[in-house]
Number of protein chains: 2
Amino acid sequence: MTAATPKGERRRQALVEAAAALLVSGGFDAVRHRAVAERAGLPLASTTYYFDSLDELVTAALEFHGTAELAYGKARLAELEPAECGGDAFVDLVLDLLLGPVGEVDAEAVLLRYERLVATGRRPYLRPLMRELSGQLHDLLHDIFAKAGQPVGRERVEELIALVDGAVVNALIEISPDPRAAARRMLAKAMQPR
Amino acid sequence: MTAATPKGERRRQALVEAAAALLVSGGFDAVRHRAVAERAGLPLASTTYYFDSLDELVTAALEFHGTAELAYGKARLAELEPAECGGDAFVDLVLDLLLGPVGEVDAEAVLLRYERLVATGRRPYLRPLMRELSGQLHDLLHDIFAKAGQPVGRERVEELIALVDGAVVNALIEISPDPRAAARRMLAKAMQPR
DNA sequence: GCCATTTTGGTACGCTAGTACCAGAAATGG
DNA sequence: CCATTTCTGGTACTAGCGTACCAAAATGGC
């Protein structure tokens, strides 16, 4: 169900944001009707009033969060000074786009980026959204490389993303996981001129 | 709790195998006391009698499954004919070790390999086990490359694994996911002599 | 201001979950 | 062969879940 009144629209949005926050901090399993309602300061029934099912709520939360991430990436692209694209800074820029800015809650935000990929394997209803978000991220990276004076083909973009993603998921099993550091090492090596 | 009688040991093992089967077919969420007991043909209470908690049961199931996978890999290594390590066949061999043999239920078995990596992010109790299994897989690949006459360093092994893993998780969001094909493409390109 | 529509929020239902309990059966060892 | 440990399996408790329901309140168009 979609809201018809301004106040209703605000409440609906509050629910989406609450769900997104829960998604980031606790993963898909944390997005529950009651938890979302409580976090948004709204009654339980509001969640079923504005969303036909939990899946719909999860989808909306994921879209909200994914769109925010992309907006951050686009901002970084816009403010990019082609001159200051030395190797190290550029590697960090790419990592910021793929894993989120370093300052963030980090561990959990990074984790969510991969939980949602894997979760999509068992939740086909997420696929259209995930494809859309993923496609935009690819485009963004493509543009960033171009603006930085290191144009690359789409295949190369996919390769670098795969390398980072693989490094991250393998780093998650460490006692004190530092996925960003692992990804950084591999990305730096792959990007250095040969 | 660990069994003290032969029959008890057999029942315990039946529970572990039932849990592992559920793990493969439905992921972590499918491993429930009742489901495991039913699949093993045992009463509900047997699950709490032999395992102090669900986490313990999940851990045992994961260890069982992981060890079976490694045994398969070791068998492939043992029967490897260094002569027949042409490029294509070798790529498939590596994929068999990383994703499981192609004939398998496939989609679900591959998915589990990545669910467990990501799940480890939110389930620290799995980390020691996952590190152990992952370390053995690395060793195995290292040996395979050596025996195939293409010795590589540990860093290179990690790179190739990351590439495959990243390709897979990114393939999971396709409408009709074919993670093996995606991984195959990237791995073949990365391994071809430059 | 009136009335149809939308929204609210408290409550309840049916279900599944993890886990606890315990009388009795089976196995074990001295 | 008996005493003790180990095991069995039916049952029940509490908690949390998604979802449905519905009387009352708020809202918006006329």
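Residues numbered from 1 in each chain as written. Chains lettered and ligands numbered in written order. Predicted model: local features only at pLDDT ≥ 70, side-chain atom pairs only at ≥ 80, totals over all residues. Heavy atoms only, no water.

Chemist: Please clarify how the UniProt feature "domain: HTH tetR-type" (unreviewed entry) in chain A should be interpreted in this entry.
Modeler: This chain's UniProt record puts "domain: HTH tetR-type" (unreviewed entry) on residues 9–69 of chain A. Between the first and last C-alpha atoms of residues 9–69 of chain A the distance is 22 Å; the span itself is 80% helix and 0% strand. (UniProt positions renumbered as here; feature names shortened; annotations may be inferred. Helix = DSSP H or I, 4+ residues; strand = E, 2+ residues; numbered from the N terminus.)

Chemist: Sorry if this is basic, but what is going on with the environment of H142 of chain B here?
Modeler: All names here are of chain B. Counting through the fold element by element, H142 comes out in helix α7 (residues 127–147). With 31 residues separating them along the chain, H142 and I173 place their C-alpha atoms 30 Å apart. Non-local contacts of H142, meaning those with residues more than four positions away in its chain, are made with V152, G153, R154 and V157. (Contact = heavy atoms within 4.5 Å.)

Chemist: Quick question: what am I supposed to make of the nonpolar core here?
Modeler: Side chains that are nonpolar tend, in soluble globular proteins, to be buried together. L99, Y114 and V164 of chain A together with L99, Y114 and V164 of chain B are the most contacted members of the largest nonpolar core, which totals 127 residues. Ignoring anything within four residues of it in the chain, the contact list for L99 of chain A reads V110, R113, Y114, V164, V168, R180 and A183 of chain A. (Core = buried A, V, L, I, M, F, W, Y, C linked by side-chain atoms within 4.5 Å. Buried < 20%, exposed > 50% of the residue type's maximum accessible area, 1.4 Å probe, protein only.)

Chemist: Please clarify how the protein's contact with DNA strand C should be interpreted in this entry.
Modeler: Around DNA strand C sit 20 residues in total, of which R11, Y49 and Y50 of chain A together with R34 and L54 of chain B are the nearest. In DNA strand C, atoms within 4 Å of the protein come 63% from sugar and phosphate. Measuring from a phosphate oxygen of DNA strand C, one finds a side-chain N or O atom of R11 of chain A at 2.4 Å. R34 of chain B is positioned such that a nitrogen or oxygen atom in its side chain is 2.7 Å from a base oxygen of DNA strand C. Elements with a contribution of two residues or more to the surface near DNA strand C: α1 (6–26) and α3 (44–50) of chain A together with α2 (33–40) and α3 (44–50) of chain B. Take the surface near DNA strand C: its biggest share by element is four residues, from α3 of chain A. (Near = heavy atom within 4 Å. Polar contact = N/O pair within 3.5 Å; in protein donor to acceptor, adjacent residues only side chain to side chain.)

Chemist: Even after reading the chapter, I still don't get the pattern of salt bridges, so can you show me in this structure?
Modeler: In a structure, side chains of opposite charge can pair up when their charged atoms sit close to one another. Residue and element names in this part refer to chain A. Inspection of every chain in the model, using the stated rule, returns 24 salt bridges over all chains. One salt bridge connects R156 with E159, and the closest N-O pair in it is separated by 3.1 Å. Of this pair, R156 and E159 both sit in helix α8 (residues 154–171), separated by three residues, roughly a single helical turn. Of the residues examined, R156 reaches a relative accessible area of 24% and is grouped as partly exposed. Residue E159 is classed as buried on the basis of its relative accessible area, which comes to 17%. (Salt bridge = Lys/Arg side-chain N within 4 Å of Asp/Glu carboxyl O.)

Chemist: Can you help me understand the relation of the copies chain B and chain A in this one?
Modeler: Here the second copy of the chain follows from the first by a rotation about an axis and a shift along it. Take chain B, turn it by 180°, move it 0.0 Å along the axis, and it overlays chain A with an RMSD of 0.1 Å. Overall, the copies show the geometry of a two-fold rotation axis. Nearest to the rotation axis, the C-alpha of G166 of chain B is located 1.9 Å from it, this being the minimum over chain B. (Least-squares fit on C-alpha atoms with pLDDT ≥ 70 in both.)

Chemist: Explanation requested: the packing of helix α1 (residues 6–26) of chain B against helix α6 (residues 107–122) of chain B in the structure shown.
Modeler: Describing two packed helices takes the angle between their axes plus the distance from one axis to the other. All names here are of chain B. For the pair α1 and α6, interaxial distance at closest approach is 7 Å and the crossing angle is 100°. As judged from the angle between their axes, α1 and α6 are roughly perpendicular. Taken together, the residues of α6 that come into contact with α1 (itself represented by L23, V24 and S25) are E108, A109 and L112. Considered class by class, the residues forming the contact of α1 with α6 number four nonpolar, one polar and one charged. (Axes fitted to C-alpha atoms, helices over the stretch in contact; angles between N-to-C directions. Parallel < 35°, antiparallel > 145°, perpendicular 65-115°, else oblique. Nonpolar A, V, L, I, M, F, W, Y, C, P; charged D, E, K, R; others polar.)

Chemist: Which parts of the structure should I look at to understand the interface of chain B and chain A?
Modeler: In many reports, interface size means the accessible area that the parts give up when they come together. Across the boundary between the two partners, chain B contributes 40 residues, which contact 40 residues of chain A. Between chain B and chain A lies a buried interface of about 3,300 Å² when both sides are counted; carbon and sulfur atoms form 58% of it. Interface area lost by chain B to chain A is led by V118, R122 and I173 of chain B, which between them contribute 23%. Counting across the interface, chain B meets chain A through eight salt bridges. A salt bridge links K189 of chain B to E159 of chain A; its shortest N-O distance comes to 2.9 Å. On inspection of chain B and its partner chain A, the count reaches 14 residue pairs in polar contact (both at pLDDT 80 or more). At the level of secondary structure, the elements contributing two or more residues to the side of chain B that touches chain A comprise α1, α6, α7, α8 (154–171) and α9 (179–191) of chain B. Ranked by residue count, the leading element in the side of chain B that touches chain A is α8 of chain B, at eleven residues. (Buried area = accessible area lost by both parts, 1.4 Å probe.)

Chemist: Quick question: what am I supposed to make of the environment of L57 of chain A here?
Modeler: Residues and elements named next belong to chain A. With respect to the helices and strands, the residue L57 is situated in helix α4 (residues 54–78). On the accessibility criterion, L57 (0% relative accessible area) is buried. Separated by 41 residues in the primary sequence, L57 and V16 place their C-alpha atoms 6.9 Å from one another. The residues touching L57, leaving out its near neighbours within four places in the chain, are L15, A19, V36 and F51.

Chemist: Explain the environment of L126 of chain A here, please?
Modeler: Residue and element names in this part refer to chain A. On the secondary structure map, L126 appears in the loop between α6 (107–122) and α7 (127–147). Under the relative-accessibility criterion, L126 is labelled buried at 0%. Measuring from C-alpha to C-alpha, the distance between L126 and D55 comes to 8.8 Å, with 71 residues separating the pair along the chain. Setting aside anything within four residues of it in sequence, one finds L126 in contact with F28, T59, L62 and T120.

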